[in-house]
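# Inside the fold
In case you want the letters, here they are:
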Amino acid sequence: MKPFINISSSIRVVLLGALLSAISSNAAADDAKKIDITDDTFKCIQEMKPVRGFFVGNLLGKLDDTLKTATSASGGRYPPGSVVQLVPTEVMVKHKEGWNPATKDWEFFELEVSNSGSKIKTRGAVEVVNRFGGNCFACHVAAKPEWDLICEKDHGCAPLPIATDRIVAIQKADPRCKPTEVKPVAAAK
Ligand code: HEC
């Protein structure tokens, strides 16, 4: 019976470790530095500003500052309020400095989107996992420091297993956009 006792106690240790790391990642988050974000914060991706292959916005009215960083050839730190999206369902939002130093104050979101709007499915810091089981932070932290966790194609992250034309199609198919905002595609014959 001894091995069973050892196995179950090691499972307990693993569970406790997971619990403690969840608590400590929350403790690291300073809520005073948090920008208020609800389901209604997120809108049609095509209404955001396109930068190369992704889209940006700013929740604090500082879009010019966000664009300055996003278009800088040498990178830089995105200003608080920055919203960055590649696909409709995955978002990074920059909180105020000090919210969570581990993620450089980025919060990761996975959304459910439909023609009635957005619903936040998961949000948080280092612990957020997307629908494919991938941890957002684990991939994005590989970006070289000057790129502030933004991966693009050549910032040091492992590439996504999705072709760029497929990503563009997903962006155009955002169900939150009004039909007139999306360029019509030729009907299949
Ligand atoms: C398997 C690794 C991986 C995972 C997991 C992952 N990403 Fe990314 N993400 C990337 C890569 C690589 C790019 C750049 C792709 C490109 O431009 O072709 C990217 C692009 C993005 C972008 C556009 C800005 C940028 O960094 O280029 C955002 C925003 C984003 N991801 C958010 C998320 C969120 C939120 C999650 C979790 C819900 C997530 N990602 C999970 C690797 C990942």
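Residues numbered from 1 in each chain as written. Predicted model: local features only at pLDDT ≥ 70, side-chain atom pairs only at ≥ 80, totals over all residues.

## Quick notes on the site of the ligand
Surrounding the ligand, one finds 26 residues, the nearest of these being Leu86, Gly134, Cys136, Cys139 and Cys151. Elements with a contribution of two residues or more to the shell around the ligand: β3 (82–87), β4 (90–94), β5 (106–114) and α3 (136–140). Class assignment for the residues of the shell around the ligand results in 16 nonpolar, 6 polar and 4 charged. (Near = placed C-beta within 6 Å. Helix = DSSP H or I, 4+ residues; strand = E, 2+ residues; numbered from the N terminus. Nonpolar A, V, L, I, M, F, W, Y, C, P; charged D, E, K, R; others polar.)

## Notes on the pairing of β3
With 6 of 6 residues buried, β3 lies mostly within the body of the structure. Where strand β2 (residues 54–58) meets β3, 4 bridges bridge the pair, whose relative direction is antiparallel. Residue pairing in the sheet places Asn58 in a bridge with Ser82 of β3. Joining the antiparallel neighbours β3 and β4 is a turn of 2 residues. (Buried ≥ 20, exposed ≤ 12 C-beta atoms within 10 Å, placed from the backbone. Pairing = 2+ DSSP bridges.)

## Brief notes about the environment of Ile45
Checked against the element boundaries, Ile45 lands in the loop between α1 (2–28) and β1 (49–51). For Ile45, a count of 24 C-beta atoms within 10 Å translates into the label buried. Spatially, the C-alpha atom of Ile45 lies 7.4 Å from that of Gln85, the residues being 40 residues apart in sequence. When neighbours within four sequence positions are excluded, Ile45 is seen to be in contact with Phe55, Gln85, Pro88, Gln171 and Asp174. (Contact = placed C-beta atoms within 7 Å.)

## What to know about the pairing of strand β6 (residues 117–124)
Sheet analysis places β5 next to β6, joined by 7 bridges and oriented antiparallel. Pairing of Leu111 across the sheet is with Ile120, part of β6. Linking β5 to β6, which pair antiparallel, is a turn of 2 residues.

## What about the sheet that holds β5?
Strand order in the open sheet formed by 6 strands is β1-β2-β3-β4-β5-β6, and the pairing between neighbours is antiparallel. Looking at the sheet topology across the chains shown, the edges are occupied by β1 and β6. Averaged over neighbouring strand pairs, the angle between their axes works out to 30 degrees when direction is ignored. Where helix α2 (residues 63–70) meets the sheet, it contacts β1, β2 and β3, and its direction lies at approximately 145 degrees from that of β2. (Axes fitted to C-alpha atoms, helices over the stretch in contact; angles between N-to-C directions.)

## Observations regarding the nonpolar core
Ranked by internal contacts, the top residues of the largest apolar core, which has 25 residues, are Val56, Val84, Val91, Met92 and Phe108. The element best represented in this core is β5, accounting for 5 residues. Once you skip the residues sitting within four places of it in the chain, Phe108 turns out to touch Met92, Arg123, Gly124, Val128, Cys136 and Phe137. (Core = buried A, V, L, I, M, F, W, Y, C linked by C-beta atoms within 7 Å.)

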